[in-house]
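Residue strings, one per chain:
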Amino acid sequence: LQSLFQIPPGIASTAPTFHDAKQEAADAGKWLLVNIQDSDSFNCARLNRDTWSDPAVQRYLARSFVLWQQDISSRNGFLVTTLYKVGRTPYVAAIDPITSQALVAFTGFLDGPRMSRVLAQFL
């Protein structure tokens, strides 16, 4: 059951720190898409199961974003929630990897089609 709610393999960065994730995105010429999750939140699990697995969302990710997902209770999660004043999860932000500015950010669950629209409007 747990595997049903994990992020699909191979779509998220394994960068160990926020700085490394920004560098990975900058080197690839892509935006950094940060996702802060709470392992106790069903909406976070749904984001993994329903949104990140959506084929249209995965095409946007492959083309234009480096997705970096962290748990809110981790050191990296704490850093991001402090820097960007995250109030609740799931939190998703498109971040400029050079300036660290969050260019678009939202909280709560978005299904695949809605996430695709948000990403398309951002681009």
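Residues numbered from 1 in each chain as written. Predicted model: local features only at pLDDT ≥ 70, side-chain atom pairs only at ≥ 80, totals over all residues. Heavy atoms only, no water.

Buried within helix α2 (residues 42–51) are the following residues: C44, A45, L47, N48 and T51. Against β1 (31–37), α3 (55–64), β2 (65–71), β3 (91–95) and α5 (112–122) lie the buried residues of α2. The backbone nitrogen of N43 lies 3.3 Å from a side-chain oxygen of the residue at the head of α2, namely S41. (Buried < 20%, exposed > 50% of the residue type's maximum accessible area, 1.4 Å probe, protein only. Helix = DSSP H or I, 4+ residues; strand = E, 2+ residues; numbered from the N terminus. Contact = heavy atoms within 4.5 Å. Polar contact = N/O pair within 3.5 Å; in protein donor to acceptor, adjacent residues only side chain to side chain.)

Turning next to the nonpolar core. Counting 16 residues, the largest nonpolar core has L33, W52, L61, V92, M115 and L119 as the members making the most contacts within it. Elements supplying a minimum of two residues to this core: α3, β2, β3 and α5. Take this core: its biggest share by element is three residues, from α3. Ranked by size, the runner-up nonpolar core spans 15 residues in total, among them A25, I36, V86 and I95. (Core = buried A, V, L, I, M, F, W, Y, C linked by side-chain atoms within 4.5 Å.)

Along the polypeptide, S64 turns up in helix α3. Relative accessible area serves as the criterion here: at 13%, S64 is assigned to the buried category.

Take S53: it is sitting in the loop between α2 and α3. When the C-alpha atoms of S53 and P9 are compared, they prove to be 9.4 Å apart, with 44 residues separating the residues in sequence. Once residues lying within four places of it in the same chain are set aside, the contact partners of S53 are P8, N48 and Q58. A polar contact of 2.4 Å, which involves the side chain of S53, links it to the backbone oxygen of R49.

Purely geometric numbers; function is a separate question.
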